[in-house]
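Next come the chains, spelled out residue by residue.
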Amino acid sequence: QVQLVESGGGLVQAGGSLRLSCAVSGSVFGVDDMGWYRQAPGKQRELVATITSGGTTNYADSVKGRFTISRDNGKYTIYLQMNSLKPEDTAVYLCNGIVGVSHNWRQYWGQGTQVTVSS
């Protein structure tokens, strides 16, 4: 069974930093594009950052210059380094990935990790 497992969330003061991780586990033959999304209470899920298998990145305007997405292909893991956090960054952060399973590529979501930024 394929799982995307996030970790690293928590409570931090405004201006602080957190590093999120998302590891793909299970019987997979590869991992393609991956990304981080977030959902705040009462709001729609929004894209935070994506990274291709080749390392090309894309960011939401609201996090550019503060967040950095990276990946370790050997570990099937992506990271999100979040600096200069603001209260408006408070949300559940979810990992998304295109994973190679049983000769097919399929999209998976993680369960999410809570990030809370206090003012």
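Use the structure listed above.
Residues numbered from 1 in each chain as written. Predicted model: local features only at pLDDT ≥ 70, side-chain atom pairs only at ≥ 80, totals over all residues. Heavy atoms only, no water.

**Q** Tell me what's going on with the overall build of the chain, and back it up with residues and numbers.
**A** Secondary structure assignment for the chain yields zero helices and eleven strands. Its helices and strands in sequence order give the chain the pattern β-β-β-β-β-β-β-β-β-β-β, from N to C terminus. Over its C-alpha atoms the chain spans a radius of gyration of 14 Å, differing by no more than 12% from the 14 Å that the globule rule assigns to 119 residues. Oriented by its inertia axes, the alpha-carbon framework of the chain measures out at about 45 × 25 × 25 Å. (Helix = DSSP H or I, 4+ residues; strand = E, 2+ residues; numbered from the N terminus. Rg over C-alpha atoms; globule rule 2.2 N^0.38 Å.)

**Q** Explain unusual backbone geometry to me, and be specific about the residues and the numbers.
**A** Glycine aside, residues mostly have negative phi angles, and peptide bonds mostly take the trans form. In the Ramachandran plot, Y76 falls in the positive-phi region, its phi being about 50° despite a non-glycine side chain. Since its relative accessible area comes to 27%, Y76 is described here as partly exposed. For S84, which is not a glycine, the phi torsion comes out positive at approximately 50°. Turning to its location among the elements, S84 is positioned in the loop between β8 (77-82) and β9 (91-101). Residue S84 is classed as partly exposed on the basis of its relative accessible area, which comes to 42%. (Buried < 20%, exposed > 50% of the residue type's maximum accessible area, 1.4 Å probe, protein only.)

**Q** Break down the nonpolar core for me, citing the residues and quoting the values.
**A** Judged by nonpolar contacts, the single largest core of 32 residues is most densely connected at L4, W36, L80, M82 and Y93. When residues of this core are traced back to their parent elements, those giving at least two are β3 (18-25), β4 (30-39), β5 (46-51), β7 (67-72), β8, β9 and β11 (113-118). Counting residues per element, this core draws most heavily on β9, which supplies five residues. (Core = buried A, V, L, I, M, F, W, Y, C linked by side-chain atoms within 4.5 Å.)

**Q** Provide a residue-level description of the state of the cysteines, including the pertinent values.
**A** By definition, a disulfide links two cysteine residues through a covalent bond between their sulfur atoms. Across all of its chains, the model carries one disulfide by this definition. Each disulfide pairs two cysteine sulfurs, and for C22 the partner residue is C95, the sulfurs being separated by 2.0 Å. Here C22 and C95 share a disulfide; its torsion about the S-S bond, -80°, makes the bridge left-handed. Here C22, found in strand β3, pairs with C95, found in strand β9; they are 73 residues apart in sequence, far enough to count as distant. Owing to a relative accessible area of 0%, C95 belongs among the buried residues under this scheme. (Disulfide = S-S within 2.5 Å.)

**Q** Tell me about the side chain of S21, and name the residues and values.
**A** Topologically, S21 is positioned in strand β3. Not counting residues within four places of it along the chain, the set of residues in contact with S21 comprises V5, E6, S7, W36, I78 and Y79. (Contact = heavy atoms within 4.5 Å.)

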